[in-house]
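# Summary of the model geometry
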Amino acid sequence: MKKFLTAMTLVTSLAMPSFADFGSSFSNFDSPVGVSVNHRPHGNPPPPPPPPPPRPVETTVISTPDSPIRLGGRIAIGGGFFNDMTHVNLELGGALHVRVLPMVFGVAELDLAFRNYSKEYETGRSYGLYTEYEDSFTEVSLDIPLIGRFQPLPFVFFEGGLKLGFNLTSFYSDTYTRYETYGGEYVDSGSLENGDWDADFVTVSLVAGMGFTVKTTFGGGHHRAYYSRDVDVGVRLVFDLNNAEFDYDIKDKDGKIHHYSAGEGHPWSIQFQVTYLL
């Protein structure tokens, strides 16, 4: 019996390595060459695509370092009163803005200006009639304002300087209208004289004003950019330093020339202006 147990133990010890080697052959079993193995797909959904890039936006601000020089179109309309005369004016032209310091700009403009000065008065009543007269003086000039601008904020500015005006043409008219003294019924009307007005060739004016810069945006749509532009909206006081003389000559029926004066003084006006900057 003792010999039998000793023999069984020896057989078992010799047989165990063979089974271990047999098992390791199963664990090292590789797929045959050329045979694909299907793996189970992953359960998580794919990541979302990245968002599209934002549309480009073009902006032009007068105080940015990348726009030291600006061009624009300008329109201004104004009016005033002095020495019983009414003054109205219209200016059309362009503007050049140059940044000198972060908040200081030089502004040069070139405008075609139209000015009219008029005065109405009437004669005494005689022979059952009275007459109303209107003297009108018109000037077309080329104006060159040279202005300094201080802009403490991107949307507020203050400005001041000089404006030179070069007379291109000037003329006057003297019209009348007669009425009956009693009842005021119209009788007739006409013109005593139309001719050249000898206005100053060069006019120098003081300019002072303030205003705001507002933004306008346009464009957009599919595959299109939005564009932003600055628009200056402001008010100016313009005071002429020249002592303007509003006089003219009239030739009577006998051929004699009579010199008349409707007044003189320093015209001024309040202007409202808009400048569209590119």
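## Details of the overall build of the protein chain
- The helix and strand tally for the protein chain stands at 1 helix and 12 strands.
- Starting at the N terminus and ending at the C terminus, the protein chain contains elements arranged as α-β-β-β-β-β-β-β-β-β-β-β-β.
- Within the protein chain, the proportion of its 278 residues that are buried is 31%.
- Surface accessibility of the protein chain: about 18,000 Å² in total, with carbon and sulfur atoms responsible for 65%.

## Section: the environment of G79
- Take G79: it is sitting in strand 2 (residues 69–82).
- Judged by its relative accessible area of 26%, G79 is partly exposed.
- Separated by 10 residues in sequence, G79 and N89 place their C-alpha atoms 6.2 Å apart.
- Excluding residues within four positions of it along the chain, G79 makes contact with H87, V88, N89, W268, S269 and I270.

## A few points about unusual backbone geometry
- One non-glycine residue, N83, adopts positive backbone phi at about 50 degrees.
- One can find N83 in the loop between strand 2 and strand 3 (85–101).
- For N83, a relative accessible area of 46% gives the class partly exposed.
- Positive phi is not limited to glycine here, since D84 has a value of about 65 degrees.
- In this structure D84 comes out as exposed when scored by relative accessible area, which is 66%.

## A closer look at the environment of G72
- Relative to the helices and strands, G72 is located in strand 2.
- Sequence-distant contacts of G72, that is, excluding residues within four places in its chain, are made with G93, G94, A95, Y276, L277 and L278.

## Focus: the packing of aromatic side chains
- The final tally for this structure, using the stated rule, is 11 aromatic pairs.
- Linked through ring pairs, F82, Y117, F137, Y172, W197 and F246 together constitute an aromatic cluster.
- Stacked on the ring of F157, the Lys or Arg R149 has its end atom at 3.7 Å from the ring centre.

## A short note on the pairing of strand 5 (residues 129–153)
- Of the strand pairs in this sheet, strand 4 (residues 104–122) and strand 5 are connected by 17 bridges, and their pairing is antiparallel. Counted as the bridge partner of E120 is E134 from strand 5.
- A loop of 6 residues connects strand 4 with strand 5, the two strands running antiparallel in sequence, and Y127 in this loop sits at a positive phi of about 55 degrees.
- Direction of pairing for strand 5 relative to strand 6 (residues 156–180): antiparallel, over a ladder of 23 bridges. What sits directly across from L153, in strand 6, is V156.
- Hairpin geometry of strand 5 and strand 6 is characterised by an intervening segment of 2 residues between the two adjacent antiparallel strands.

## Observations regarding the pattern of salt bridges
- Taken as a whole, this structure holds 14 salt bridges when the rule is applied.
- Taking the shortest distance from any N to any O, the salt bridge between R74 and E109 comes out at 3.3 Å. On the criterion of sequence distance, the pair formed by R74 in strand 2 and E109 in strand 4 is long-range, its members being 35 residues apart. Each member of the pair, R74 together with E109, is buried.
- Residues joined in a network through salt bridges with shared partners are R74, E91, E109, D111, R115, E139, D143, R149, E159, K163, D232 and R236.

## Side note on the confidence of the model for the protein chain
- Looking at the protein chain as a whole, the pLDDT averages 80, with 74% of positions reaching at least 70.
- In the model of the protein chain, helix 1 (residues 2–27) stands out as the element of lowest mean pLDDT, 49, in contrast to strand 12 (residues 268–277), which has the highest, 96.
- Contacts for the low-pLDDT stretch residues 59–65, under 50 throughout, to residues beyond four places or in other chains number 24 contacts.

## Here we look at the pairing of strand 2
- Of the two faces of strand 2, the one lined by R70, G72, R74, A76, G78, G80 and F82 is fully buried and the one lined by I69, L71, G73, I75, I77, G79 and F81 carries no buried residue.
- When strand 2 meets strand 3, the two strands line up antiparallel, connected through 14 bridges. Bridge assignment links A76 to a residue of strand 3, and that residue is E91.
- Taken together, strand 2 and the strand that follows it, strand 3, pair antiparallel across an intervening segment of 2 residues, in which N83 is found at a positive phi of about 50 degrees.
- Two strands pair when backbone bridges link them, and strand 2 and strand 12 are joined in this way by 8 bridges, in the antiparallel orientation. Looking across to strand 12, one finds that G78 is bridged to Q271.

Rules of the game
- Residues numbered from 1 in each chain as written.
- Predicted model: local features only at pLDDT ≥ 70, side-chain atom pairs only at ≥ 80, totals over all residues.
- Heavy atoms only, no water.
- Helix = DSSP H or I, 4+ residues; strand = E, 2+ residues; numbered from the N terminus.
- Buried < 20%, exposed > 50% of the residue type's maximum accessible area, 1.4 Å probe, protein only.
- Areas by Shrake-Rupley, 256 points an atom, 1.4 Å probe, with all protein chains shown as cover.
- Contact = heavy atoms within 4.5 Å.
- Phe/Tyr/Trp six-rings, centres within 6.5 Å; stacked < 30°, edge-to-face > 60°.
- Lys NZ or Arg CZ within 6 Å of the ring centre and 35° of its normal.
- Pairing = 2+ DSSP bridges.
- Salt bridge = Lys/Arg side-chain N within 4 Å of Asp/Glu carboxyl O.
- pLDDT = per-residue confidence, 0-100.

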